[in-house]
Amino acid sequence: MGLCSSRPTRVPLLTKRHRHILLQWARKHRDWTMDEWKGVAWSNESRFLIHHVDGRVRVRRLPGEQLLTSCIAGHKQAGGGGIMLWGTFSWAALGPVVVVEQTLKAANYLNIIADQLHPYIAFVFPIGNGIFQQDNGPCHKSRIVLEWFEEHTEFHLMS
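Computed from a prediction, not measured in an experiment: that's the story for all the values here.

What counts and what doesn't
Residues numbered from 1 in each chain as written. Predicted model: local features only at pLDDT ≥ 70, side-chain atom pairs only at ≥ 80, totals over all residues. Heavy atoms only, no water. pLDDT = per-residue confidence, 0-100. Helix = DSSP H or I, 4+ residues; strand = E, 2+ residues; numbered from the N terminus. Contact = heavy atoms within 4.5 Å. Phe/Tyr/Trp six-rings, centres within 6.5 Å; stacked < 30°, edge-to-face > 60°. Buried < 20%, exposed > 50% of the residue type's maximum accessible area, 1.4 Å probe, protein only. Bend = angle between axes of the 7 residues up to and from the residue. Pairing = 2+ DSSP bridges. Polar contact = N/O pair within 3.5 Å; in protein donor to acceptor, adjacent residues only side chain to side chain. Patch = residues over 30% accessible without salt bridge, like charges linked within 9 Å, V, L, I, M, F, W, Y side chains within 5 Å. Areas by Shrake-Rupley, 256 points an atom, 1.4 Å probe, with all protein chains shown as cover. Salt bridge = Lys/Arg side-chain N within 4 Å of Asp/Glu carboxyl O. Axes fitted to C-alpha atoms, helices over the stretch in contact; angles between N-to-C directions. Parallel < 35°, antiparallel > 145°, perpendicular 65-115°, else oblique. Nonpolar A, V, L, I, M, F, W, Y, C, P; charged D, E, K, R; others polar. Core = buried A, V, L, I, M, F, W, Y, C linked by side-chain atoms within 4.5 Å.

A. Inspection of the confidence of the model for the protein at higher detail. In this model, the protein carries an average pLDDT of 82, and 75% of its residues clear a pLDDT of 70 or more. Averaged pLDDT values for the elements of the protein fall to 89 in strand 1 (residues 40-49) and rise to 95 in helix 2 (residues 34-38). Confidence over residues 73-78 falls short of pLDDT 50; this stretch has 7 contacts with residues more than four positions distant or in other chains.

B. Representation of the packing of aromatic side chains within the structure. Tallied over the entire structure, the rule returns 5 aromatic pairs. Taken together, a centroid distance of 6.0 Å and an interplanar angle of 50 degrees make the contact between Trp25 and Trp37 tilted. Pair noted here: Trp25 is in helix 1 (residues 16-29) and Trp37 is in helix 2, with a separation of 12 residues, a long-range link. Look at Trp25 and you get partly exposed, because its relative accessible area is 29%. For the pair Phe132 and Phe149, a centre-to-centre distance of 5.8 Å together with 20 degrees between the ring planes defines the contact as stacked. Taken together, the positions of Phe132 in strand 4 (residues 131-133) and Phe149 in helix 4 (residues 143-151) put the pair 17 residues apart, joining distant regions of the chain. You'll find Phe132 and Phe149 in the same group, each marked buried.

C. Representation of helix 3 (residues 106-124). Within helix 3, the axis deviates most sharply at Leu117, by approximately 40 degrees, and proline Pro119 lies no more than four positions further along. For helix 3, the full list of buried residues reads Ala106, Asn108, Tyr109, Leu110, Ile112, Ile113, Leu117, Tyr120, Ile121 and Val124. Buried residues in helix 3 make contact with strand 1, strand 2 (82-90), strand 3 (94-100), strand 4 and helix 4.

D. Molecular detail of the sheet that holds strand 1. In space, the 5 strands of this open sheet follow the order 3-2-1-4-5, with mixed pairing throughout. Looking at which strands have only one partner, the edges of the open sheet turn out to be strand 3 and strand 5 (156-157). Where strand 2 meets strand 3, 5 bridges bridge the pair, whose relative direction is antiparallel. The residue bridging Trp86 from the neighbouring strand is Val98, located in strand 3.

E. Layout of the side chain of Ser43. Along the chain, Ser43 falls in strand 1. In terms of polar contacts, Ser43 uses its side chain to reach the backbone carbonyl oxygen of Gln133, at 3.3 Å. In contact with Ser43, other than residues within four places in its own chain, are Trp86, Gly87, Thr88, Tyr109, Phe132, Gln133 and Gln134.

F. Quick look at a nonpolar patch on the surface. On the surface, Leu13, Leu14 and Leu22 cluster together into a nonpolar patch covering about 340 Å² of accessible area. Topologically, Leu22 is positioned in helix 1. For Leu22, a relative accessible area of 47% puts it in the partly exposed group.

G. Highlighting the packing of helix 3 against helix 4. For the pair helix 3 and helix 4, the least separation of the axes is 8 Å and the interaxial angle reads 25 degrees. Looking at the two axes, helix 3 sits roughly parallel to helix 4. Taken together, the residues of helix 4 that come into contact with helix 3 (itself represented by Ala106, Ala107, Tyr109, Leu110, Ile113, Ala114, Leu117 and His118) are Ile144, Val145, Trp148 and Phe149. Here the residues of the contact of helix 3 with helix 4 sort into 11 nonpolar, 1 polar and no charged.

H. Looking closely at the nonpolar core. Counting 22 residues, the largest nonpolar core has Tyr109, Leu117, Phe132 and Phe149 as its most contacted members. At the level of elements, strand 2, strand 3, helix 3 and helix 4 are the ones that each hand at least two residues to this core. Tallying contributions element by element places helix 3 first for this core, with 8 residues. Ignoring anything within four residues of it in the chain, the contact list for Phe132 reads Ala41, Ser43, Thr88, Tyr109, Ile113, Leu117, Phe149, Phe155, His156, Leu157 and Met158.

This is the structure we're talking about:
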């Protein structure tokens, strides 16, 4: 029928630009002392899937169609549900772990920051000397989230 193999198309996880930005960040912070790193609270979110073997979507397609969304739209992945969690930690203490009920968009993330992160940072850095690290996910760099951090000067946001 002229269909290609069902092997997934490999897409680089990091672009050349991403690698350059990460290298700049690493060079900027390479001389930090242990005490400076102890002043950072880290965060991230992850989705955990049940019965999901390798995360690959396998499709059949014609030559040249490997990146067409119509080839994978509506394709059901093996699985059985999952959960998304957001969490934070620092040298001093583990922070809260939050179940994210919906897609993590700016408004949801702002609620987590205000309700969960704010009291945690106040606890681990009571004199306001802590730095909060988040990646550059779209919800993290949204206007309403960045404005919130500008209004809350007890938060030093790591670039």
